[in-house]
Amino acid sequence: MAGVSDVRHVLVLPDRDAAEEVVQALPERFGVVEEPRLVRDALAGEDDAEDAQWLVVLRDEEERLDPGELDRFAGEWEGWREEP
């Protein structure tokens, strides 16, 4: 598909509850219509859920989401936007 980008934003959150709250807040705050993917990212060698981070992956083919705004948004839950 020529002309279509595969831009993704990854928000890193400290726990599952924060990640789920972010997913619920995204449509109202940013008008996101496609549900983001929620991914558990365990640190190397760690099985304990308390040692995991949660990733919210957003597709943004039209590049309409502002990276700085997403970073500030994730910061409200003690998270951040991962730089590509």
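Criteria and cut-off values
Residues numbered from 1 in each chain as written. Predicted model: local features only at pLDDT ≥ 70, side-chain atom pairs only at ≥ 80, totals over all residues. Heavy atoms only, no water. Pairing = 2+ DSSP bridges. Helix = DSSP H or I, 4+ residues; strand = E, 2+ residues; numbered from the N terminus. Axes fitted to C-alpha atoms, helices over the stretch in contact; angles between N-to-C directions. Contact = heavy atoms within 4.5 Å. Core = buried A, V, L, I, M, F, W, Y, C linked by side-chain atoms within 4.5 Å. Buried < 20%, exposed > 50% of the residue type's maximum accessible area, 1.4 Å probe, protein only.

### Looking at the sheet that holds strand β1 (residues 8–13)
Part 1: Spatial ordering of the open sheet is given by β2-β3-β1-β4, a layout of 4 strands whose pairing is antiparallel. Edge positions in the sheet fall to β2 (37–42) and β4 (80–82), since each has one partner strand and no second. Recorded for the sheet is a direction-independent mean angle of 35° between the axes of neighbouring strands.
Part 2: In this sheet, strand β3 (residues 52–59) lies alongside β1 in antiparallel orientation, the contact comprising 6 bridges. The residue bridging L11 from the neighbouring strand is V56, located in β3.
Part 3: Along the sheet, helix α1 (residues 16–30) contacts β1, β2 and β3; its crossing angle with β3, the most-contacted strand, is approximately 15°.

### A few points about the nonpolar core
Part 1: Ranked by internal contacts, the top residues of the largest apolar core, which has 17 residues, are L11, L13, V22, L26 and V56.
Part 2: Within the residue set of this core, elements represented by two or more residues are β1, α1, β3 and α2 (67–75).
Part 3: A total of 6 residues in this core trace back to one element, the largest contributor, which is α1.
Part 4: The contact partners of L26, leaving out residues within four places of it in the chain, are G31, V32, P36, V56, L58, L70 and F73.

Read these as geometric descriptors, not functional statements.
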